[in-house]
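Now for the letters of each chain:
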Amino acid sequence: MSRILVLSSSIRAGRMSHRVAQHLKRHIQNTGRHIVHLVDLQELDLPLFHERLKFLENPGPEVLAFAEQVRSADGVIMVSPEYNGSYPASLKNVIDLLTEDWRKKPIALVPVSSGAFGGTQVVTQLLFTLWKIRAWVVPGAMHVPNVKDNFQEDGTAVDAEAWARRTTALLDELEWAMEARIKMA
Ligand SMILES: Cc1cc2nc3c(=O)[nH]c(=O)nc-3n(C[C@H](O)[C@H](O)[C@H](O)COP(=O)(O)O)c2cc1C
């Protein structure tokens, strides 16, 4: 079975986008096709970037554990809140930390906002950064607008059918890229 990492990137107290990460984990688990890990940057509480991991002399165990999670993943789903038209510093903190581990890594984007547009500007910003680092972003982000109204605290979607359909579409893109990557290796 392939391994999918769901990266929950908001570390804010009272965050809402983590609900979406929980939904994604559950949905993917229920397909029975993948091993899924939810990596929570709030829980990991990684230090602020000082240098890329490959140049760090004494990286902490939590940094090494995070790197290993990315390294061993066949695909990554980045759940990102929209902060001032971009993605949060916590996400940039871990993108910059790694180098080769992001290369050709299939990545699906899930921008989340409390507003009506579902983090459209996050995609523009993240796409450029991930392109620079040579990751492989799949088409068709799953935008989540008005997150509080769409997902309950435990990650249950209010309109389960609609969000299952959107999640399936996102997963389909990610699975295609993961399969292609394995074939090309
Ligand atoms: C610093 C900051 C900036 C924000 N900027 C935007 C924004 O530009 N557009 C928007 O729709 N929502 C914005 N929001 C609201 C977030 O999208 C909202 O908190 C949402 O729940 C996702 O973030 P969270 O997971 O941290 O809760 C902002 C929130 C914070 C804390």
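Look up: the structure comes first, before these words.
Residues numbered from 1 in each chain as written. Predicted model: local features only at pLDDT ≥ 70, side-chain atom pairs only at ≥ 80, totals over all residues. Heavy atoms only, no water.

A. Fine view of the overall build of the protein chain. The helix and strand inventory of the protein chain stands at seven helices and five strands. Starting at the N terminus and walking to the C terminus, you meet the elements of the protein chain as β-α-β-α-α-β-α-β-α-β-α-α. For a compact globule of 185 residues, the expected C-alpha radius of gyration is about 16 Å, and the protein chain comes in at 15 Å, within 12% of that figure. Of all 185 residues assigned to the protein chain, the portion counted as buried reaches 48%. Counting only contacts in the protein chain whose residues sit at least 6 apart along the sequence, the fraction spanning at least 24 positions is 80%. Here the protein chain has roughly 9800 Å² of accessible surface; of this, 53% comes from carbon and sulfur atoms. Averaging the positions of the 21 positive and the 21 negative side-chain charges in the protein chain gives two centres separated by 4 Å. (Helix = DSSP H or I, 4+ residues; strand = E, 2+ residues; numbered from the N terminus. Rg over C-alpha atoms; globule rule 2.2 N^0.38 Å. Buried < 20%, exposed > 50% of the residue type's maximum accessible area, 1.4 Å probe, protein only. Contact = heavy atoms within 4.5 Å. Areas by Shrake-Rupley, 256 points an atom, 1.4 Å probe, with all protein chains shown as cover. Lys, Arg positive; Asp, Glu negative; His and termini not counted. Charge placed at Lys NZ, Arg CZ, Asp CG, Glu CD.)

B. Layout of the site of the ligand. Around the ligand, the structure places 15 residues, and the nearest of them are Ser10, Arg12, Ser17, Tyr83 and Asn84. Here an oxygen atom of the ligand and a side-chain polar atom of Ser17 are 2.5 Å apart. Contact between the ligand and Gly85: an oxygen atom at 3.1 Å from a main-chain N or O atom of the residue. If the ligand stood free it would expose 600 Å²; the protein chains cover 72% of that surface. Split by residue class, the shell around the ligand holds five nonpolar, seven polar and three charged. (Near = heavy atom within 4 Å. Polar contact = N/O pair within 3.5 Å; in protein donor to acceptor, adjacent residues only side chain to side chain. Nonpolar A, V, L, I, M, F, W, Y, C, P; charged D, E, K, R; others polar.)

C. Fine view of the nonpolar core. Residues Leu7, Phe66, Met78, Ile95, Trp102, Leu126 and Leu130 are the most contacted members of the largest nonpolar core, which totals 28 residues. Going through the elements one at a time, strand 1 (2–8), helix 3 (61–72), strand 3 (75–81), helix 4 (89–97), strand 4 (106–112) and helix 5 (120–132) are the ones with two or more residues in this core. Among all residues touching Leu130, those that are not within four sequence positions of it are Met78, Ile95, Ile107, Leu109, Ala135 and Val137. Within the second largest apolar cluster, 24 residues are counted, among which are Ile4, Leu24, Val112 and Val138. (Core = buried A, V, L, I, M, F, W, Y, C linked by side-chain atoms within 4.5 Å.)

D. Structural view of the packing of helix 1 (residues 17–31) against helix 7 (residues 160–184). Look at helix 1 against helix 7: their axes get within 11 Å of each other, and the N-to-C directions meet at 70°. The orientation of helix 1 with respect to helix 7, classified from their angle, is roughly perpendicular. On helix 7, the residues touching His23, Leu24, His27, Ile28 and Thr31 of helix 1 are Trp163, Ala164, Thr167, Thr168, Leu170 and Leu171. Looking at side-chain class alone, the contact of helix 1 with helix 7 contains six nonpolar, five polar and no charged residues. (Axes fitted to C-alpha atoms, helices over the stretch in contact; angles between N-to-C directions. Parallel < 35°, antiparallel > 145°, perpendicular 65-115°, else oblique.)

E. Broad picture of the sheet that holds strand 1. Ordered in space as 2-1-3-4-5, the five strands form an open sheet in which the pairing is parallel. Since the sheet does not close on itself, it has two edges, and those belong to strand 2 (34–40) and strand 5 (136–137), each with one partner. Alignment of strand 4 against strand 5, held across two bridges, turns out to be parallel. Bridge assignment links Pro106 to a residue of strand 5, and that residue is Trp136. The strands touched by helix 1 are strand 1, strand 2, strand 3 and strand 4; relative to strand 2, the strand with the most contacts, the crossing angle is about 165°. (Pairing = 2+ DSSP bridges.)

F. Inspection of the environment of Pro59 at higher detail. Structurally, Pro59 is set in the loop between helix 2 (41–44) and helix 3. Residues Pro59 and Arg33, spaced 26 residues apart in sequence, show a C-alpha to C-alpha distance of 33 Å. If we ignore the near neighbours within four places in the chain, the residues touching Pro59 are Leu53 and Leu64.

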